[in-house]
Amino acid sequence: MNSQAIRCLFIAFLVTNGQVQADPLNEEQLSNLPESTRNVILLNREVVENGGQGIKAISFKDADYRFAITSIYDGREEDPPIHMALVSPSDNGASIAFKINRNCSVMTRNEELISKVIRVDDQNVSVFFGCGSDPSSPNGTQEVYTFKTSTGLRYVLDRLKEHPYVFVDFGSGRVPFATDGFDTAWQRADSPVL
């Protein structure tokens, strides 16, 4: 990402008490940004204009190359859900999953995973969905999404490698994930496990 794009993101996300502290980008400045970056800035504007405080997106690079985290402070909840894109090693190489720390009340027999469709950059992707305990909260739960098909996984990996932000809709609106550092995170997790 070039320095102009980084400056624009800084301006777009500098939000205090629901008030943007810098002049908004004009249409020409927005048009010079990658589409996904432009979409994050426009979504952030929309959140602020509707009374929220904005979006906080932490990239893989900023989270020690393990995950990306996004919260949307839209004013509806004091503590909005934390959305994560988590890269981890497995016996077969690297894997990626999405997690959302919020009440998860899906009841299934024998705790089976449920098939579900999410949208990643406006493309339907098949996933397995389940509930798990949230290690950061003694009584909390989290939603967990893993990829059902290798085609869906490959599509998501390509989007994460090629775009500054990837938008995922889990059924309640688009959530942007900052992808800076994803390649390094994937390579680290894909290293052989001894």
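Remember, it's a predicted structure, so these values are computed and weren't measured experimentally. (Residues numbered from 1 in each chain as written. Predicted model: local features only at pLDDT ≥ 70, side-chain atom pairs only at ≥ 80, totals over all residues. Heavy atoms only, no water.)

**Student:** Is there a simple way to think about the overall build of the protein in this case?
**Tutor:** Tallying secondary structure elements over the protein gives 5 helices and 11 strands in all. For the protein, buried positions account for 39% of its 194 residues. Taking as baseline every contact in the protein between residues at least 6 positions apart, the subset at least 24 positions apart corresponds to 48%. Accessible surface, the protein as shown: approximately 11,300 Å² in total, 46% of it carbon and sulfur. (Helix = DSSP H or I, 4+ residues; strand = E, 2+ residues; numbered from the N terminus. Buried < 20%, exposed > 50% of the residue type's maximum accessible area, 1.4 Å probe, protein only. Contact = heavy atoms within 4.5 Å. Areas by Shrake-Rupley, 256 points an atom, 1.4 Å probe, with all protein chains shown as cover.)

**Student:** Got a minute to help me understand the pattern of salt bridges in this structure?
**Tutor:** A side chain with one charge can pair with a side chain of the opposite charge if their charged atoms come near. Under the defined criterion, the tally for this structure stands at 6 salt bridges. Residue D122 pairs with R174 through a salt bridge whose shortest N-O separation is 4.0 Å. Of this pair, D122 sits in the loop between β7 (114-120) and β8 (123-133) while R174 sits in strand β11 (residues 174-178), placing them 52 residues apart in sequence. (Salt bridge = Lys/Arg side-chain N within 4 Å of Asp/Glu carboxyl O.)

**Student:** Just checking my understanding: could you explain the sheet that holds β7 for this structure?
**Tutor:** To summarise the sheet geometry, strands pair through backbone hydrogen bonds and adopt either a parallel or an antiparallel arrangement. In space, the 9 strands of this open sheet follow the order β3-β4-β5-β6-β9-β8-β7-β10-β11, with antiparallel pairing throughout. Only two strands of the sheet have a single partner each, and these edge strands are β3 (54-58) and β11. Neighbour-to-neighbour, the strand axes of the sheet open up by a mean angle of 30 degrees, direction not taken into account. (Pairing = 2+ DSSP bridges. Axes fitted to C-alpha atoms, helices over the stretch in contact; angles between N-to-C directions.)

**Student:** Can you help me understand the nonpolar core in this one?
**Tutor:** Nonpolar side chains tend to gather and get buried jointly when the protein is soluble and globular. Counting 36 residues, the largest nonpolar core has F98 and I118 as its most contacted members. In contact with I118, other than residues within four places in its own chain, are F98, Q123, N124, V125, V127, Y145, V168, D169 and F170. (Core = buried A, V, L, I, M, F, W, Y, C linked by side-chain atoms within 4.5 Å.)

**Student:** Whenever I open this one, the pairing of β8 confuses me. Can you help?
**Tutor:** Put simply, side chains in a regular strand alternate between the two faces of the sheet. Pairing geometry for β7 and β8, over 7 bridges, is antiparallel. Directly across from K116, in β8, lies its bridge partner V127. Connecting β7 to the antiparallel partner β8 that follows it, the hairpin turn spans 2 residues, and D121 within it adopts a positive phi of roughly 45 degrees. In terms of strand pairing, β8 meets strand β9 (residues 141-147) through 7 bridges, oriented antiparallel. Bridge assignment links C131 to a residue of β9, and that residue is E143.

**Student:** For this particular structure, what's the right way to read the confidence of the model for the protein?
**Tutor:** Confidence in the prediction for the protein averages 84 pLDDT; 84% of positions are at 70 or higher. The secondary-structure element of the protein with the lowest mean pLDDT is strand β1 (residues 15-16), recorded at 37, while strand β10 (residues 165-169) shows the highest, at 97. (pLDDT = per-residue confidence, 0-100.)

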